[in-house]
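# Fold and geometry: a report
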Amino acid sequence: MLEITRIRAEKDILIEGLKKRGVDFSPQLNEITALDESWRAKKSEMESVQSESNKISKEIGKLMGAGKIEEANAAKEQTAQFKLKEQTLKDEVSKLEEQIQELLYDIPNVPQNIVPAGKSEDDNEIVEEVGQKVQFSGTPLPHWELAKKYDIIDFELGVKVTGAGFPFYKGKGAKLQRALINFFLMEADKAGYTEYIPPLMVNEASGIGTGQLPDKEGQMYHATKDNLFLIPTSEVPLTNIYRDVILPGEDFSIKMTGYTPNFRREAGSYGSDVRGLNRLHQFDKVELVRIEHPDNSEKALEEMVNHVKGLLEKLGLQYRILRLCGGDLGFTSAITYDFEVFSAAQEKWLEVSSVSLFETFQANRLKLRFRNANKKTQLCHTLNGSALALPRILAALLENYQTPEGIEIPEVLEKYLNFKIIN
RNA sequence: GGAGAAAUGGCAGAGCGGUUGAAUGCACUGGUCUUGAAAACCAGCAUACCGAGAGGUAUCGGGGGUUCGAAUCCCUCUUUCUCCGCCA
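About the cut-offs
- Residues numbered from 1 in each chain as written.
- Chains lettered and ligands numbered in written order.
- Predicted model: local features only at pLDDT ≥ 70, side-chain atom pairs only at ≥ 80, totals over all residues.
- Heavy atoms only, no water.
- Patch = residues over 30% accessible without salt bridge, like charges linked within 9 Å, V, L, I, M, F, W, Y side chains within 5 Å.
- Areas by Shrake-Rupley, 256 points an atom, 1.4 Å probe, with all protein chains shown as cover.
- Salt bridge = Lys/Arg side-chain N within 4 Å of Asp/Glu carboxyl O.
- Lys, Arg positive; Asp, Glu negative; His and termini not counted.
- Charge placed at Lys NZ, Arg CZ, Asp CG, Glu CD.
- Helix = DSSP H or I, 4+ residues; strand = E, 2+ residues; numbered from the N terminus.
- pLDDT = per-residue confidence, 0-100.
- Near = heavy atom within 4 Å.
- Polar contact = N/O pair within 3.5 Å; in protein donor to acceptor, adjacent residues only side chain to side chain.
- Nonpolar A, V, L, I, M, F, W, Y, C, P; charged D, E, K, R; others polar.
- Phe/Tyr/Trp six-rings, centres within 6.5 Å; stacked < 30°, edge-to-face > 60°.
- Buried < 20%, exposed > 50% of the residue type's maximum accessible area, 1.4 Å probe, protein only.
- Lys NZ or Arg CZ within 6 Å of the ring centre and 35° of its normal.
- Pairing = 2+ DSSP bridges.
- Expected span 1.5 Å × (residues − 1).
- Bend = angle between axes of the 7 residues up to and from the residue.
- Contact = heavy atoms within 4.5 Å.
- Core = buried A, V, L, I, M, F, W, Y, C linked by side-chain atoms within 4.5 Å.
- Axes fitted to C-alpha atoms, helices over the stretch in contact; angles between N-to-C directions.
- Parallel < 35°, antiparallel > 145°, perpendicular 65-115°, else oblique.
- Left-handed = near helix turned anticlockwise from the far one by under 90°.

## Description of a negative patch on the surface
Taken together, Glu97, Glu98, Glu102 and Asp106 make up a surface patch of like negative charges. Among the secondary structure elements, aspartate 106 is positioned in the loop between α3 (69-105) and β1 (125-130).

## A word on the confidence of the model for chain A
For chain A, the mean per-residue pLDDT works out to 90, and 98% of the residues sit at or above 70. Interface confidence in the predicted complex, given as ipTM, is 0.84; pTM for the same model is 0.91.

## Some details on the protein's contact with RNA strand B
Around RNA strand B lies a shell of 21 residues, among which Arg8, Ser57, Arg369, Arg371 and Thr377 are the nearest. In RNA strand B, atoms within 4 Å of the protein come 68% from sugar and phosphate. Here a phosphate oxygen of RNA strand B and a side-chain polar atom of asparagine 54 are 3.4 Å apart. Counting residues per element, the ones that place at least two in the surface near RNA strand B are α2 (26-65), α3 and β14 (369-371). In terms of residues, the surface near RNA strand B owes the most to one element, α2, which gives 13 residues. Per-class residue counts for the surface near RNA strand B are 4 nonpolar, 8 polar and 9 charged.

## Some details on the packing of aromatic side chains
A complete count under the given rule lists 6 aromatic pairs for this structure. Arranged with centres 5.6 Å apart and planes meeting at 45 degrees, the rings of phenylalanine 183 and phenylalanine 184 form a pair that is tilted. An identical accessibility class is assigned to phenylalanine 183 and phenylalanine 184; each is buried. Ring geometry for phenylalanine 342 and tryptophan 349: centres 5.0 Å apart, planes at 65 degrees, overall edge-to-face. Sitting above the plane of the phenylalanine 419 ring, lysine 172 keeps its charged end 4.9 Å from the centroid. Its guanidinium or amino end placed over the ring of tyrosine 193, lysine 255 lies 5.0 Å from that ring's centre, counting from NZ or CZ.

## Things to note about the sheet that holds strand β5 (residues 201-202)
If you walk across this open sheet you meet the 3 strands as β5-β7-β6, and the pairing is antiparallel. The two strands at the open ends of the sheet, each matched to only one other strand, are β5 and β6 (222-223). Here β5 pairs with strand β7 (residues 228-230) via 2 bridges, running antiparallel. If you follow methionine 201 over to β7, its bridge partner there is leucine 230.

## A closer look at the pattern of salt bridges
All chains considered together, the criterion is met by 19 salt bridges. With a closest N to O distance of 2.7 Å, glutamate 187 and lysine 314 form a salt bridge. A residue pair is termed long-range when its members are at least 10 positions apart, and glutamate 187 in helix α6 (residues 172-190) and lysine 314 in helix α9 (residues 297-314) qualify at 127 residues. The salt bridge partner of glutamate 303 is arginine 290, with a shortest N-O separation of 2.8 Å. Highlighted residues: glutamate 303 in helix α9 and arginine 290 in strand β10 (residues 282-292), separated in sequence by 13 residues. Judged by its relative accessible area of 2%, arginine 290 falls in the buried class. The network of salt bridges with common partners includes Arg290, Glu292, Lys299 and Glu303.

## Let's talk about helix α1 (residues 4-18)
The end-to-end C-alpha separation of α1 is 16 Å, well short of the 21 Å expected for 15 residues at 1.5 Å each. In α1, a bend of some 100 degrees at glutamate 10 exceeds every other bend along the element. Those residues of α1 that fall on the buried side of the exposure criterion are Ile7, Leu14, Ile15, Gly17 and Leu18. Its buried side turned inward, α1 meets α2 and α3.

## Re the nonpolar core
Residues Leu180, Phe184, Leu312 and Ile393 are the most contacted members of the largest nonpolar core, which totals 61 residues. Of the residues forming this core, the biggest block, 8 residues, is contributed by α6. In contact with phenylalanine 184, not counting residues within four places along its chain, are Val286, Leu311, Leu315, Ala387, Leu388, Leu390 and Ile393. Grouped together as the second largest cluster of nonpolar side chains are 28 residues, Ile56, Phe82, Ile100 and Leu104 included.

## Here we look at the packing of α6 against α9
Where α6 meets α9, the axes come as close as 11 Å, and the angle between the chain directions of the two elements is 140 degrees. Taken together, α6 and α9 sit at an angle that is classed as oblique. Considering how the two elements wind past one another, α6 and α9 form a crossing that is right-handed. Residue-level inspection shows Phe183, Phe184, Glu187 and Ala188 of α6 in contact with α9, the latter providing His307, Leu311 and Lys314. Its residues placed into classes, the contact of α6 with α9 shows 4 nonpolar, 1 polar and 2 charged.

Here it is in structure tokens:
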């Protein structure tokens, strides 16, 4: 959520920045500033009425204390005139507040300067491409066929027991999955991230805190009886640890990591994109979350990007980094780098990580602040990134490491496994 | 799931209808004293919004109500604790 003070101060700059998302938000922002102005007027009117009636109430208190009952009763009658006025003003003020709030919820974060303008993924900017395309002697199989051939992932069984998009991992497939989780967590640990095992369900306040609610309500599984939501990413519980928190000073850098399964309804996505492991309703991911001083967030973003690069290089995967254009940028993000690995068998790039800086957008909703040198509270910057999402990494590993003898295992994973080949 | 008790500032803990944004203690910050430290003493120390400022308004778990006036009374929700039941 954008800060209202920022909208007051630099509306035109924000409108200009938001244009990179391919949408003109000037009607909304103009409406907000107009509503804000009448809100301020009404509010100060309401407060002066409140002030008056508070004064009289205090007087009554004094009179009662002094035993002057009759005078007190006379004063009581005075307050009647304020009653109605106060109530009307209160209603008006809170209605205006609601309207402003609603509009604010619908305005996405402003892209940073270096974010390219654009409408869709076609406008994303390729920042870097690393590694070579794998050469195969024959025709490589896609991962869903390999999964069947070696009996390591069972999609049909998932359909039977739960539904599409909920596969079973089996035998060496399950172990490889576990090894990857371990590897990612240990790498995060080495980089100084504190590991958490968070709850897999969150309440409504947490959903609002990180921006899933109300914008993306349909994306989450909702346990209506208890009004809890299955997490779409561990970003939600991890970041919400710091909801309504004021950090005591300027000297902080909070680095968290967590492995969780993630649950996404993915309503409306069908076709070849969802084949095999490409898109699932439940998938595993190791997430990095950082809370940083605004002066330090750019550096943190760079560190996270480098961390993810390191992981992909250790796994020996060909990858590229994209700077997402305005139109493809997530609602809450100011800048996002997507990592894609090349699936040689599917002949396409698969997104495996997304590293984002939210600046104060998320912190504003979370009310996550720190106390600056002037003893004032100031919003923190938040960041997160996947390091990494498992299914597509698994897909790429299976496809790119296939040989006539079986699927080889990258060396870095060997210490987490008791086999060196899937055959 | 059933019965009871409770929720107050960073922490502990008063207040149970009137001048209380909230006693007191601890913690913290600044000062005096000291060669330095400790101790002692003095001062400061919640958040948000409106306002150029003076100042004002709101907030004592959340929401609603009674009242001229609510931290204090009522309703409701949530959470915690104790006891009983069930259980990995």
